[in-house]
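Structural features, examined
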Amino acid sequence: MSPIFRTREKKDPSERIVTLIGKPGCHLCDDAQSVIEKVCAEVGAAWEKKDITEDEELYRKYWEQIPVVLVDGAQHDFWRVQEERLRRALTR
């Protein structure tokens, strides 16, 4: 069967992890964290926060995009986090 027509196995939200990449003093990062905390608490997903000022590789990769949100290690959003879009990503 073609990969296009294969259905992806739905992951349990408790098996998902959201990563917020930002830096201290960033108001957009604070806003993103509020959304992430709310959605993750609702669906039961884990989340973590990484500071680009403490990680040279993250700084080089994301410094112009923060806050950056990853879901299971893949980039999901940057600058603004849409609550409903994140919820869908974690429950599909």
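Data block above holds the structure.
These numbers were taken from a predicted model, which means no experiment stands behind them.

Notes on the side chain of T19
Mapped onto the fold, T19 is located in strand β1 (residues 17–22). Polar contacts involving the side chain of T19 include one to the side chain of E48, which spans 2.8 Å. Excluding its chain neighbours within four sequence positions, the residues that come into contact with T19 are E48, K50, V68, V69 and L70.

Remarks on unusual backbone geometry
Residue P67 follows I66 across a cis peptide bond; omega there is -5°. Residue placement: P67 occurs in the loop between α2 (56–62) and β3 (68–71). Backbone geometry at W79 places phi at a positive 65°, although glycine is not the residue there.

A short note on the nonpolar core
Core analysis: the largest hydrophobic core is formed by 14 residues, its most contacted members being V18, I36, C40, V69, V81, L86 and L90. If you tally residues by element for this core, the top one is helix α1 (residues 27–43), at 6 residues. What L90 contacts, discounting residues up to four positions off in sequence, is K11, P13, R16, V18, V39, C40, V43, A45 and V71. Core analysis: the next-biggest nonpolar cluster, separate from the first, contains 10 residues, C26, I52, I66 and L70 among them.

Looking at the environment of R92
Secondary-structure assignment places R92 in the segment after α3 (83–91). R92 sits 71 residues away from I21 along the chain, and the two C-alpha atoms are 23 Å apart.

Let's talk about the pairing of strand β2 (residues 46–51)
When β1 meets β2, the two strands line up parallel, connected through 6 bridges. Looking at β2, one finds that L20 is bridged to K49. Once the chain exits β1 it traverses α1 before rejoining the sheet at β2, and the crossover so formed is right-handed.

Some remarks on the sheet that holds β1
Strand order across the open sheet formed by 4 strands is β2-β1-β3-β4, with mixed pairing between neighbours. Bordering the open sheet on either side are β2 and β4 (74–78), each of which pairs with just one other strand. Taking the axes of each pair of neighbouring strands and ignoring which way they run, one obtains an average angle of 25° across the sheet. Pairing of β1 with β3 involves 4 bridges; the strand directions are antiparallel. The residue of β3 that forms the bridge with T19 is L70.

Cut-offs used in this document
Residues numbered from 1 in each chain as written. Predicted model: local features only at pLDDT ≥ 70, side-chain atom pairs only at ≥ 80, totals over all residues. Heavy atoms only, no water. Helix = DSSP H or I, 4+ residues; strand = E, 2+ residues; numbered from the N terminus. Polar contact = N/O pair within 3.5 Å; in protein donor to acceptor, adjacent residues only side chain to side chain. Contact = heavy atoms within 4.5 Å. Core = buried A, V, L, I, M, F, W, Y, C linked by side-chain atoms within 4.5 Å. Buried < 20%, exposed > 50% of the residue type's maximum accessible area, 1.4 Å probe, protein only. Pairing = 2+ DSSP bridges. Right-handed = clockwise from strand over helix to strand, strands pointing away. Axes fitted to C-alpha atoms, helices over the stretch in contact; angles between N-to-C directions.

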